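Understanding the architecture of this molecule
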Amino acid sequence: MALQLRPNCEYCDRDLPPDATDARICSYECTFCADCVETKLSNVCPNCGGGFAPRPIRPTQEWRPGVCTTRQVPSDKRVHLKYSLEDVAAHCARIRDVPPEKR
């Protein structure tokens, strides 16, 4: 099962194409840009409370049969926060000092 490679930051709605090196994901594939993760979210996923890692880049060239962006197409469904910005800020502030591996 391939990652969805969601097309946008859930916080600021910035485009994050499949080759974006500044896309960050949590273990549930919640997707945010590096700027929002660092400046708005304090490395706290506003949906699950986990931390973030750089999102892998899916190859555009088919190096192996069936494995590339044209064969396993990234998602085109834009995802947005389901919480208010105030709620997100309070959630992130509450647990930002707890390391991700201890959340």
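Before reading further, recall that the structure is shown in the block above.
Residues numbered from 1 in each chain as written. Predicted model: local features only at pLDDT ≥ 70, side-chain atom pairs only at ≥ 80, totals over all residues. Heavy atoms only, no water.

1. Quick look at the environment of Q72
The test is simple: Put simply, DSSP H or I for four residues or longer makes a helix, DSSP E for two residues or longer makes a strand, and each gets a number counted from the N terminus. Note on contacts: a residue pair is in contact if any heavy atoms of the two residues lie within 4.5 Å.
By the secondary structure assignment, Q72 is in the loop between β3 (53-54) and α2 (85-95). Dropping the residues within four chain positions of it, Q72 is found in contact with A2, R58 and G66.

2. A closer look at the pattern of salt bridges
Selection criterion: One side-chain nitrogen of Lys or Arg within 4 Å of one carboxyl oxygen of Asp or Glu is enough to make a salt bridge.
One pass over the full model with this rule turns up five salt bridges. A salt bridge links R14 to D22; its shortest N-O distance comes to 2.5 Å. The residue R78 makes a salt bridge to D15 at a minimum N-O spacing of 2.9 Å. With a gap of 63 residues between them, R78 in the loop between β3 and α2 and D15 in the segment before β1 (23-25) connect regions that are remote in the sequence. Within the structure, one salt-bridge network assembled from shared partners comprises D13, D15 and R78.

3. Observations regarding the state of the cysteines
Formally, a disulfide is one covalent bond, and it connects the sulfur atom of one cysteine to the sulfur atom of another. Operational definition: Cysteine sulfur pairs qualify as disulfides if the two atoms are within 2.5 Å.
In the structure shown here, the tally under the stated rule is zero disulfides. No disulfide involves C36; its sulfur sits 3.6 Å from the nearest other cysteine sulfur, which is in C33.

4. Regarding unusual backbone geometry
Non-glycine residue D13 carries a positive phi angle of around 70°. With respect to the helices and strands, the residue D13 is situated in the segment before β1. In this structure, E29 is a non-glycine residue whose phi angle is positive, near 75°. When you line up the elements, E29 lands in the loop between β1 and β2 (31-33).

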